[in-house]
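Single-letter residue listing:
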Amino acid sequence: SLARLETAATFHVEAKIGGSVKAGSLGSLAGGIPIGLLGTIKLDGARMTGDVDVANRAAHAVASFPSLFGMTAEVVLVDGYSYTKISLLGDKFTKSKVPASLAGPSTGPSATLGFIDAASQVKSVLESSGTVATLVGRDTLGGLDAYHLAVTVPQDGLKRLVQDAGGAAAAGLDVQVAPFDYWVYVDTLRPARLMLKASSASIGSIDVDMTLTGYDLPVKITAPPASKVNGI
């Protein structure tokens, strides 16, 4: 299914998030993208929705955190830059250069997002780490048939996955992940849903229930207008 993800032009993501994380760790997990928050973030009831344009290396995500003063966050990745807006910090975006691992050498139509390269690395680590995937059965997601798998990743392999995803800044993170549930669409073998629980002394704990839909549907992701960006 990870290999099939590479064939997608676009896709849509919906996620429910719970737990409690240390804000300072989020930048490392996002590949060095500045988050602009300190302290502990309570994630209970949090939701995220986003679209990814793989071919044009663009993404747009909006998240809400009801338990954190109703905070919302919005991130746009486009043309090699990230635009981040945190409602508690104002109504304008902060512009930053996207790390090379995400931006890649080109932003042309033939390019793919850096996370696709990361997906290939994840696939390699899964194959070499002793990860076990067990077929639980078949379910229906959004009216589509999906294989339901239970996946267990050995701790050594998990450390390599974290390092591949977060780079040098995440190399020392000690993350524990319980066996998790993963669904794959029967007709395309592309990822459909992921449910996992992770914890770390340096990060906190997080529960994620993420669904991927809308494969290859048209999306339009553009940078915010200059009037909505700090310093422009």
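Keep in mind the model is a prediction, meaning the values are calculated, not measured.

**Q** Describe in detail the pattern of salt bridges, supporting the description with residues and values.
**A** Following the criterion strictly, the structure yields five salt bridges and no others. Ionic pairing is found between D216 and R190, a salt bridge with its closest N-O pair at 3.0 Å. Pair noted here: D216 is in the segment after strand 13 (204-213) and R190 is in the loop between strand 11 (180-185) and strand 12 (191-200), with a separation of 26 residues, a long-range link. D216 sits in the partly exposed class, given a relative accessible area of 40%. D207 serves as the salt-bridge partner of K197, at 3.5 Å between the closest nitrogen and oxygen. One end of the pair, K197, is in strand 12; the other, D207, is in strand 13, with ten residues separating them in the sequence. Of the residues examined, D207 reaches a relative accessible area of 30% and is grouped as partly exposed.

**Q** Report on the packing of aromatic side chains, specifying residues and quantitative values.
**A** Applying the stated criterion across every chain yields a total of two aromatic pairs. The interplanar angle of 45 degrees and the centroid separation of 5.8 Å between the aromatic rings of F11 and Y215 together place this pair among those described as tilted. Separated by 204 residues along the polypeptide, F11 in strand 1 (residues 10-22) and Y215 in the segment after strand 13 bring together distant segments of the chain. The burial state of F11 is the same as that of Y215; both residues are buried. Note on Y185 and Y215: the rings are 6.3 Å apart at their centroids and 90 degrees apart in plane angle, and the pair reads as edge-to-face. Taken together, the residues Y185 in strand 11 and Y215 in the segment after strand 13 connect sequence positions 30 residues apart. Positioned over the ring face of Y81 is K95, at 4.3 Å from the centre of the ring. One cation-aromatic arrangement involves K97 over Y81; the distance from NZ or CZ to the ring centre is 4.6 Å.

The rules behind each value
Residues numbered from 1 in each chain as written. Predicted model: local features only at pLDDT ≥ 70, side-chain atom pairs only at ≥ 80, totals over all residues. Heavy atoms only, no water. Salt bridge = Lys/Arg side-chain N within 4 Å of Asp/Glu carboxyl O. Helix = DSSP H or I, 4+ residues; strand = E, 2+ residues; numbered from the N terminus. Buried < 20%, exposed > 50% of the residue type's maximum accessible area, 1.4 Å probe, protein only. Phe/Tyr/Trp six-rings, centres within 6.5 Å; stacked < 30°, edge-to-face > 60°. Lys NZ or Arg CZ within 6 Å of the ring centre and 35° of its normal.

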